[in-house]
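# Structural overview
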Amino acid sequence: MSGIRAQQKEKTRRQLIDAALGQLSADRSFSSLSLREVAKEAGLAPTSFYRHFSDMDELGLTLVDEAGLTLRQLMRQARQRIENGGSVIQISVLTFMEFIENNGNIFRLLLRERSGTSAAFRAAVSREIRYFTLELCDYLQQANKLDADVAYLQANAAVTIVFSAGSDALDVDQKEREQLSQRTIHQLRFIARGAEVLGPRLEFKK
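Summarised in this report is the structure supplied together with it.

Rules behind the numbers
Residues numbered from 1 in each chain as written. Predicted model: local features only at pLDDT ≥ 70, side-chain atom pairs only at ≥ 80, totals over all residues. Heavy atoms only, no water. Helix = DSSP H or I, 4+ residues; strand = E, 2+ residues; numbered from the N terminus. Buried < 20%, exposed > 50% of the residue type's maximum accessible area, 1.4 Å probe, protein only. Contact = heavy atoms within 4.5 Å. Areas by Shrake-Rupley, 256 points an atom, 1.4 Å probe, with all protein chains shown as cover. Lys, Arg positive; Asp, Glu negative; His and termini not counted. Charge placed at Lys NZ, Arg CZ, Asp CG, Glu CD. Axes fitted to C-alpha atoms, helices over the stretch in contact; angles between N-to-C directions. Parallel < 35°, antiparallel > 145°, perpendicular 65-115°, else oblique. Left-handed = near helix turned anticlockwise from the far one by under 90°. Core = buried A, V, L, I, M, F, W, Y, C linked by side-chain atoms within 4.5 Å. Patch = residues over 30% accessible without salt bridge, like charges linked within 9 Å, V, L, I, M, F, W, Y side chains within 5 Å. Salt bridge = Lys/Arg side-chain N within 4 Å of Asp/Glu carboxyl O.

Along the protein, the regular secondary structure elements total nine helices and zero strands. Element order for the protein, N to C, with α for helix and β for strand: α-α-α-α-α-α-α-α-α. Oriented by its inertia axes, the alpha-carbon framework of the protein measures out at about 60 × 40 × 35 Å. Looking at the 206 residues of the protein, the share that counts as buried comes to 39%. The contacts in the protein between residues at least 6 apart in sequence include a share of 62% that link residues at least 24 apart. A total accessible area of about 11,900 Å² is found for the protein, and carbon and sulfur atoms account for 49% of it. Taken as two groups, the 28 positive and 26 negative side-chain charges of the protein have centres that lie 2 Å from each other.

Here we come to the environment of Ile 129. Tracing the chain through its elements places Ile 129 in helix α7 (residues 119-144). C-alpha of Ile 129 to C-alpha of Leu 202: the two residues are 73 residues apart in sequence and 25 Å apart in space. Those residues in contact with Ile 129 that sit more than four places away from it in its chain are Arg 114, Val 159 and Phe 163.

This brings us to the packing of helix α6 (residues 104-114) against α7. The geometry of α6 relative to α7 is characterised by a closest axis approach of 8 Å and an angle of 120° between their N-to-C directions. In terms of orientation, α6 lies oblique with respect to α7. In the packing of α6 onto α7, the handedness of the crossing is left-handed. Touching Leu 110, Glu 113 and Arg 114 of α6 are Phe 121, Arg 122, Val 125 and Ile 129, all from α7.

Along the polypeptide, Thr 133 turns up in helix α7. What Thr 133 contacts, discounting residues up to four positions off in sequence, is Tyr 152, Ala 155, Asn 156 and Val 159.

This paragraph deals with unusual backbone geometry. Glycine aside, negative phi is the norm for most residues, and most peptide bonds take the trans geometry. Of note, Lys 145 is a non-glycine position whose phi angle comes to about 55°, a positive value. Positionally, Lys 145 belongs in the loop between α7 and α8 (148-169).

With respect to the helices and strands, the residue Thr 12 is situated in helix α1 (residues 3-23). Classification of Thr 12 as buried rests on a relative accessible area of 10%. Those residues in contact with Thr 12 that sit more than four places away from it in its chain are Leu 44 and His 52.

This part is about the environment of Leu 35. Here Leu 35 lies in helix α2 (residues 35-41). Since its relative accessible area comes to 15%, Leu 35 is described here as buried. Separated by 26 residues in the primary sequence, Leu 35 and Lys 9 have C-alpha atoms spaced 18 Å apart. Excluding anything up to four places from it in sequence, Leu 35 contacts Pro 46, Phe 49, Tyr 50 and Met 56.

Mapped onto the secondary structure, Gly 3 falls in helix α1. For Gly 3, a relative accessible area of 46% corresponds to the partly exposed category. Taking the C-alpha atoms as reference points, Gly 3 and Glu 135, 132 residues apart in sequence, are found 34 Å from one another.

Of all hydrophobic cores here, the largest spans 56 residues; its most connected members are Phe 30, Val 38, Met 56, Leu 59, Leu 63 and Phe 107. Taken together, the elements giving at least two residues each to this core come down to α1, α2, α4 (56-82), α5 (88-102), α6, α7, α8 and α9 (174-198). Sequence-distant contacts of Val 38, that is, excluding residues within four places in its chain, are made with Leu 16, Ala 19, Ala 20, Gln 23, Leu 33, Met 56 and Leu 59.

In this section: a nonpolar patch on the surface. Side chains of Leu 153, Val 197, Leu 198 and Leu 202 sit close together on the surface and give an oily, nonpolar patch of about 320 Å² of accessible area. Relative to the assigned elements, Val 197 resides in helix α9. Assessed through its relative accessible area of 31%, Val 197 is described here as partly exposed.

What follows is the structure in structure tokens.
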């Protein structure tokens, strides 16, 4: 395949992905989308869909992978901002809330498919959340010199709280989102302090 053809194929594939994401909303889940609707939104014939995805499930799994990757990349950028000074927790939470505000449909996809009817989708979302947790765990180990088990407990608790806050933030106004952000920051600081004080005293079965 020539370089130009490969670029065109990737462009068309991107059109389908963006078309599916664009149709998601508070009232519309991925499972309610049809192949014809997605192809039409992308400006393509339905037959063109099959040159890029075998079926809607494959497209959905691709969306889940993209959603997880987008979120992880955003949080990596947040940690780079932290290196220039500032509160780790505050910058991370505010960055996450910016993601929710600007990418609500992507986050809704993760939330819905996490407890959806498709085992493949549930597994894909769980995998993305685990990647997210492990990256945070590695960061906490290095930045705070924490034991691996303590760092994982803190990371796991932090991700649980942040995802819950993200769910609450989807359908509130700016003022409520700011209040939610501050509450989340306080909760994460409690957890961080607990990891620092109680972590060395904890015993883990090996």
